[in-house]
2 protein chains.
Amino acid sequence: MLRKIVRFIEEEKLFYRDEKLLVAVSGGVDSVVLLHLLKEMEVECSIAHCNFHLRGAESDGDFEFVKDLAEQYEMDFYAKDFDTKAYAEANKISIEMAARDLRYNWFAELCDVFHYRYIAVGHHADDVLETVFINLARGTGIHGLTGIKPKNDRIVRPLLSFTREQILGYAKENHLQYREDSTNQETDYVRNKIRHQVMPVLQEINPGIRHTMTENVQRFREVEQIYNAEIEKNRKNLVIQKEDSLLISIAGLKDVKAPVSHLYEIISPFGFHQRDVRNIVESIYSISGKRFYSATHEILRDREYLILSAIKEQDEKEYWMEESDVEVDIPVHFKCSFLQRNPGFKFSTDPMIATFDANLLQFPLKIRKWKEGDTFQPIGMKGKKKISDYFIDQKFSLQEKENTWLLLSGNRIIWIPGHRMDDRFKITDATTKIYRLELR
Amino acid sequence: MLRKIVRFIEEEKLFYRDEKLLVAVSGGVDSVVLLHLLKEMEVECSIAHCNFHLRGAESDGDFEFVKDLAEQYEMDFYAKDFDTKAYAEANKISIEMAARDLRYNWFAELCDVFHYRYIAVGHHADDVLETVFINLARGTGIHGLTGIKPKNDRIVRPLLSFTREQILGYAKENHLQYREDSTNQETDYVRNKIRHQVMPVLQEINPGIRHTMTENVQRFREVEQIYNAEIEKNRKNLVIQKEDSLLISIAGLKDVKAPVSHLYEIISPFGFHQRDVRNIVESIYSISGKRFYSATHEILRDREYLILSAIKEQDEKEYWMEESDVEVDIPVHFKCSFLQRNPGFKFSTDPMIATFDANLLQFPLKIRKWKEGDTFQPIGMKGKKKISDYFIDQKFSLQEKENTWLLLSGNRIIWIPGHRMDDRFKITDATTKIYRLELR
């Protein structure tokens, strides 16, 4: 198994032996085996463990187990507690999605701060196949049939060519201890049904079902590539961005080979579902004037265009940051700290970090979306600038505009987090105390 | 249900009310309900029933049942017996494929002879979804995920928007009698597993699974359209036909976005499977000289091209037609008859029909594929022509060449069935007895 994993890592170019990895360890057999194999390979790695607090004492037991494992392996150990339910409620997403968001955001943060090149997770071949069936059952386009990729951005999956059986076998051979059932419950309910009730039936139909499904997935990946290329090629002819709206050409949609797919790829990022898309495509063959809504956006079937824009009230949500907060999670993730002004202080050029003259700030700070008429004084500039003009200069897409938050002190914008701070709040020679924010 | 089927037929443009249909009736609930609905709609239709003789007395019982039904409905009734097992063995295909081939060939024949516009079959919504899972389990590209189309050439499926439950409900309401389990056994084994063991689990995961899967299939159809268009667009740059070989450009394959898919679509009609395709694509990144085989063809990885050609021995199979045969099924389907020469006899211009001077023939006639050096005298021409030149003149594809059979009397070619007969065997004033062949 060691030899096979080495070959898989090489073939899929997952990482090089001298790169530092962060290994996500839940305590379950997959992650325990992954960790053991990486250790055998003498890869430099550390352990990260998320406690989602979804299963009470059991969750804490998992934490203790992984902590002991880290000590035994003499590896760095990071752990974090999450209030998964609150995050899910605040963002109106499922517990499962919340756990995934929280987990991957935190992993990315650890990588940035401690310079890990990749995050290794324990997904295996059975996960890939099960994921295809889960996606099918829940509704999917071609994307959902391409399973899980061995390498995706910073995430690497060295076990992806092994079956669950092989992993259990390895754990047994090497007398590895692990925690039973140490994954997220909601995913497990569905996944267990697929694993224990669907896959065995398919295996009776086709004893080589795992191999067949792996081949299917490889074929679907090629189909997806062709699909994506075609959609992207046509997108620029279909969509015009105009101020805060997307104009989607009705004539253009009628002209493309697969109008529903094209429209889906354009508007699904704004919360529209497959059934909405189908209704909207029907409307282009009918008279104008009809409106369609997602949770956050509306689409007007106008004469020549489908006009997509944000539902206004969404702009009015406000969030507050107290002086005492050291970390804020919602609606964006900030790390907050006060620093004394040292003689050697240097401005960070990282757009994710902003440093303010703390004495000029008025707490609590406010976080909200932009409004018509908002202005600020971009750092380094003398005069004021409309936020909307700044967005245009920076060629923000409609989606980027709408996803951008502003940070305010009183009624003045002090930072467009991730982009540009305000000149009036910058550190000067007169500054004694610094307020530092880091966006994650 | 009547109203819904009328709307479905209109929306999908299956047929017009005044078109004559042939309804495939197995005796099972689906076809019985279909027939009842078409009768209620006052569509002009006749009944066709295949007896595949796969379930002994039960098969005969189905036949009797459908015959009685036709009498009761006062409809024309066609029935035919098939030796399905022999056909499957002779053609090296599964019983299931054999039954499908035989059924649809015969239906097409009935349509031609008796001028039916379409063949109506009883597939319903559950069949579509089950078919997707059956295809997944057996291995498939995007095509296999698009289920069953409401209209495909001459086949129409008016029940495709109804679930099995709705069909059973309709049968009960209208007190319709039907035969239990009147379909092909092998299909049933797999289909029943999907129906009774897989679908209920998916329904627990997603109570709206049928609707979701229907949406999935609609999305996959669009993806398939995009996929097919891209493959077809690239095919002409990838493939050169040269005599009896296809040359597939290695540089071209390396250049396209999805080489495995492109190669699969090009070579799968020659009996190559997905795993072969993957191996062949690997070979293009390696040295030349390797050969790959399907049951009937070989591919040589040459320097610039993959060269696909038929395996020679396949050409040598011979079949015989006796003077007493009134019908031949293998390797092609002929109807054979002797006619007296009437004064009003007219030549048929249908290339599927040939009429010979019976006295010039030497029985048994031989059926075989063409060989290098074969010649004939095309009807209406004076001199001889090489078969290979005829193929070039007619712009036959490699596949058409290989699928074309020749009919010989002694060692002389008397007909290229479906294309051109030989001048030497035509009806003349001296002809007294005619031998007529009809190709199906």
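Note that the structure is a prediction, hence the values are computed from the model and not measured.

Peer 1: I keep staring at the overall build of chain A and nothing clicks. Help me out?
Peer 2: The number of helices and strands found in chain A is 14 helices and 22 strands. Projected onto its principal axes, the C-alpha coordinates of chain A cover approximately 70 × 65 × 40 Å. Within the span of chain A, comprising 440 residues, buried residues form 51% of the whole. A separation of at least 24 residues holds for 69% of the contacts in chain A among residues at least 6 apart in sequence. When the accessible surface of chain A is summed, it comes to about 21700 Å², and 47% of that surface belongs to carbon and sulfur atoms. Charge separation in chain A, taken as the distance between the mean sites of 63 positive and 70 negative side-chain charges, equals 5 Å.

Peer 1: Could you clarify how one ought to interpret the relation of the copies chain A and chain B in this entry?
Peer 2: Turning one copy of the chain about an axis and sliding it along that axis gives the other copy, so a rotation and a shift relate them. It takes a turn of 180° to lay chain A on chain B, together with a shift of 0.1 Å along the axis; the resulting RMSD is 0.2 Å. Taken together, these values place the two copies in the relation of a two-fold axis. The rotation axis passes nearest to the C-alpha of valine 198 of chain A in chain A, at a distance of 2.7 Å. Interface overlap between copies is the fraction of interface residues in one copy that are interface residues in the other; for chain A against chain B it reaches 100%, indicating a shared surface.

Peer 1: Looking at this model, I keep getting lost on the interface of chain A and chain B. Mind explaining?
Peer 2: Interfaces are often described in size by the accessible area the parts lose on coming together. On the chain B side, the residues contacting the 46 residues of chain A number 46 residues. Taken together, both faces of the contact between chain A and chain B bury some 4300 Å²; the carbon and sulfur share is 65%. In this structure, lysine 193 of chain B and glutamate 204 of chain A form a salt bridge, with 2.5 Å as the shortest nitrogen-oxygen distance. If you look at where chain A meets chain B, you find 16 residue pairs in polar contact (both at pLDDT 80 or more). Elements supplying a minimum of two residues to the side of chain A that touches chain B: α6 (125–138), α8 (185–205), α9 (209–238), α11 (259–267) and α12 (274–283) of chain A. For the side of chain A that touches chain B, the element with the most residues is α9 of chain A, which contributes 16 residues.

Peer 1: Looking at this structure, how should I read the domain arrangement of chain A?
Peer 2: Here chain A is described as being made up of domain 1 (2–205), domain 2 (238–310) and domain 3 (315–439). Taking only C-alpha atoms into account, the centre of domain 1 of chain A sits 36 Å from that of domain 3 of chain A.

Peer 1: Can you help me understand the sheet that holds strand β11 (residues 305–310) of chain A in this one?
Peer 2: What holds strands together in a sheet is hydrogen bonding between their backbones, with the strands either parallel or antiparallel. All names here are of chain A. What the 5 strands build is an open sheet, ordered β7-β8-β11-β10-β9; its pairing is antiparallel. Two strands lie at the open edges of the sheet, namely β7 (239–242) and β9 (291–293), each paired on one side alone. The sheet shows a mean angle of 20° between the axes of neighbouring strands, direction not considered. In this structure, β7 lies alongside strand β8 (residues 245–249), joined through 4 bridges in antiparallel fashion. Across the sheet, the residue bridging to glutamine 241 is leucine 246, located in β8. Most of the contacts of α11 go to β8, to which it runs at about 170°, and overall it touches β7, β8, β10 (297–301) and β11. Most of the contacts of α12 go to β9, to which it runs at about 170°, and overall it touches β9, β10 and β11.

Peer 1: Would you mind showing me how to read the UniProt feature "binding site: ATP" (unreviewed entry) in chain A here?
Peer 2: All names here are of chain A. Within the UniProt annotation, "binding site: ATP" (unreviewed entry) is assigned to Ser26, Gly27, Gly28, Val29, Asp30 and Ser31. For serine 26, a relative accessible area of 25% puts it in the partly exposed group. Separated by 3.1 Å, the side chain of serine 26 and the backbone nitrogen of glycine 28 make a polar contact. Tracing the chain through its elements places glycine 28 in the loop between β1 (21–24) and α2 (29–40). With a relative accessible area of 8%, glycine 28 lands in the buried category.

Peer 1: Explanation requested: the UniProt feature "domain: Lysidine-tRNA(Ile) synthetase C-terminal" (unreviewed entry) in chain A in the structure shown.
Peer 2: Sequence positions flagged by UniProt for "domain: Lysidine-tRNA(Ile) synthetase C-terminal" (unreviewed entry) are, in local numbering, residues 365–439 of chain A. Structurally, residues 365–439 of chain A comprises 17% helix and 37% strand, and the distance from its first C-alpha atom to its last is 15 Å.

Peer 1: I'm lost on the packing of aromatic side chains in this one. Help?
Peer 2: What the rule picks out here adds up to 37 aromatic pairs over all chains. An aromatic cluster is built from Phe334, Phe338, Phe356, Phe363, Trp415 and Tyr435 of chain A, whose rings are joined through pairwise contacts. Over the ring of tryptophan 405 of chain A we find lysine 369 of chain A; its NZ or CZ atom is 4.4 Å from the centre of that ring. The lysine or arginine in question, arginine 219 of chain B, covers the ring of tyrosine 264 of chain A, its NZ or CZ lying 4.1 Å from the ring centre.

Peer 1: What should I look at first to understand the sheet that holds strand β14 (residues 334–340) of chain A in this one?
Peer 2: Residues and elements named next belong to chain A. Across the sheet, which stays open at both edges, the 4 strands sit in the order β13-β14-β22-β15 with antiparallel pairing between neighbours. Each having just a single partner strand, β13 (327–328) and β15 (353–357) make up the two edges of the open sheet. Across 5 bridges, the pairing between β15 and strand β22 (residues 433–439) is antiparallel. Bridging from a neighbouring strand, isoleucine 353 pairs with glutamate 438 of β22.

Peer 1: What's the story with the environment of valine 190 of chain A in this structure? I'm lost.
Peer 2: Along the chain, the position of valine 190 of chain A falls in helix α8. Beyond its immediate chain neighbours, meaning those up to four positions away, valine 190 of chain A contacts Ile134 and Arg138 of chain A together with Ile205 of chain B.

Peer 1: Is there a simple way to think about helix α6 (residues 125–138) of chain B in this case?
Peer 2: Note: α-helices contain 3.6 residues per turn, so residues at a spacing of three or four share the same orientation. Residue and element names in this part refer to chain B. Here α6 spans 20 Å end to end across 14 residues, near enough to the 20 Å set by a 1.5 Å rise per residue. In terms of residue burial, α6 counts as a mostly covered element, since 12 of its 14 residues are buried. Listed as buried for α6 are Ala125, Asp126, Asp127, Val128, Leu129, Glu130, Thr131, Val132, Phe133, Ile134, Leu136 and Ala137. Just past α6, the residue glycine 139 takes up positive phi, approximately 105°.

Peer 1: I'm lost on the pattern of salt bridges in this one. Help?
Peer 2: Pairs can form between side chains of opposite charge once their charged atoms are near each other. Residue and element names in this part refer to chain A. Inspection of every chain in the model, using the stated rule, returns 55 salt bridges over all chains. In this structure, arginine 191 and glutamate 130 form a salt bridge, with 3.2 Å as the shortest nitrogen-oxygen distance. In this pair, arginine 191 sits in helix α8 while glutamate 130 sits in helix α6, placing the two residues 61 residues apart along the sequence. Here the two residues arginine 191 and glutamate 130 agree in accessibility, since each one is buried. One salt-bridge network, in which partners are shared between bridges, spans Asp126, Asp127, Glu130, Arg164, Arg191, Arg195 and Arg210.

Peer 1: Explain the packing of α11 of chain A against α12 of chain A to me, please; I cannot follow it from the model alone.
Peer 2: Residue and element names in this part refer to chain A. Between α11 and α12, the shortest axis-to-axis distance is 9 Å and the interhelical angle comes to 125°. Considering their axes alone, α11 and α12 lie oblique with respect to each other. As α11 runs across α12, the sense of the crossing is right-handed. Contacts between α11 and α12 involve Pro259, Val260, Leu263, Tyr264 and Ile267 from the former and Gln274, Val277, Arg278, Ile280 and Val281 from the latter. Its residues assigned to classes, the contact of α11 with α12 shows 8 nonpolar, 1 polar and 1 charged.

Peer 1: Explain the pairing of strand β8 (residues 245–249) of chain B here, please?
Peer 2: Walk down a regular strand and you will see the side chains alternate between the two sheet faces. All names here are of chain B. The element β8 is extensively covered by neighbouring structure, given that 5 of its 5 residues are classed as buried. Where burial is concerned, the two faces of β8 agree: the one with Ser245, Leu247 and Ser249 and the one with Leu246 and Ile248 are both buried. Counting the residues that bridge the hairpin from strand β7 (residues 239–242) to β8 gives 2 residues, and of these glutamate 243 lies at a positive phi of roughly 50°.

Peer 1: I keep staring at the state of the cysteines and nothing clicks. Help me out?
Peer 2: In protein structure, a disulfide is the covalent linkage between the sulfur atoms of two cysteines. Per the stated rule, a full pass over the model turns up 0 disulfides over all chains. Free of any disulfide, cysteine 45 of chain A has its nearest neighbouring cysteine sulfur in cysteine 111 of chain A, separated by 12 Å.

Peer 1: What is the right way to look at unusual backbone geometry in this model?
Peer 2: Generally, phi is negative for residues other than glycine and the peptide bonds are trans, each holding for most cases. Of note, the bond from phenylalanine 363 of chain A into proline 364 of chain A is cis; its omega dihedral lies within 30 degrees of zero at -5°. Positive phi, close to 60°, is recorded for histidine 115 of chain A, a residue that is not glycine. Position of histidine 115 of chain A among the secondary structure elements: in the loop between α5 (95–114) and β4 (118–120). Given a relative accessible area of 62%, histidine 115 of chain A falls into the exposed group. Of note, the phi angle at histidine 175 of chain B is positive, near 50°, even though the residue is not glycine. As for its position among the elements, histidine 175 of chain B is in the loop between α7 (164–173) and α8 (185–205).

Scoring rules and cut-offs
- Residues numbered from 1 in each chain as written.
- Chains lettered and ligands numbered in written order.
- Predicted model: local features only at pLDDT ≥ 70, side-chain atom pairs only at ≥ 80, totals over all residues.
- Heavy atoms only, no water.
- Helix = DSSP H or I, 4+ residues; strand = E, 2+ residues; numbered from the N terminus.
- Buried < 20%, exposed > 50% of the residue type's maximum accessible area, 1.4 Å probe, protein only.
- Contact = heavy atoms within 4.5 Å.
- Areas by Shrake-Rupley, 256 points an atom, 1.4 Å probe, with all protein chains shown as cover.
- Lys, Arg positive; Asp, Glu negative; His and termini not counted.
- Charge placed at Lys NZ, Arg CZ, Asp CG, Glu CD.
- Least-squares fit on C-alpha atoms with pLDDT ≥ 70 in both.
- Buried area = accessible area lost by both parts, 1.4 Å probe.
- Salt bridge = Lys/Arg side-chain N within 4 Å of Asp/Glu carboxyl O.
- Polar contact = N/O pair within 3.5 Å; in protein donor to acceptor, adjacent residues only side chain to side chain.
- Domains from an automatic or database assignment.
- Pairing = 2+ DSSP bridges.
- Axes fitted to C-alpha atoms, helices over the stretch in contact; angles between N-to-C directions.
- UniProt positions renumbered as here; feature names shortened; annotations may be inferred.
- Phe/Tyr/Trp six-rings, centres within 6.5 Å; stacked < 30°, edge-to-face > 60°.
- Lys NZ or Arg CZ within 6 Å of the ring centre and 35° of its normal.
- Expected span 1.5 Å × (residues − 1).
- Parallel < 35°, antiparallel > 145°, perpendicular 65-115°, else oblique.
- Left-handed = near helix turned anticlockwise from the far one by under 90°.
- Nonpolar A, V, L, I, M, F, W, Y, C, P; charged D, E, K, R; others polar.
- Disulfide = S-S within 2.5 Å.

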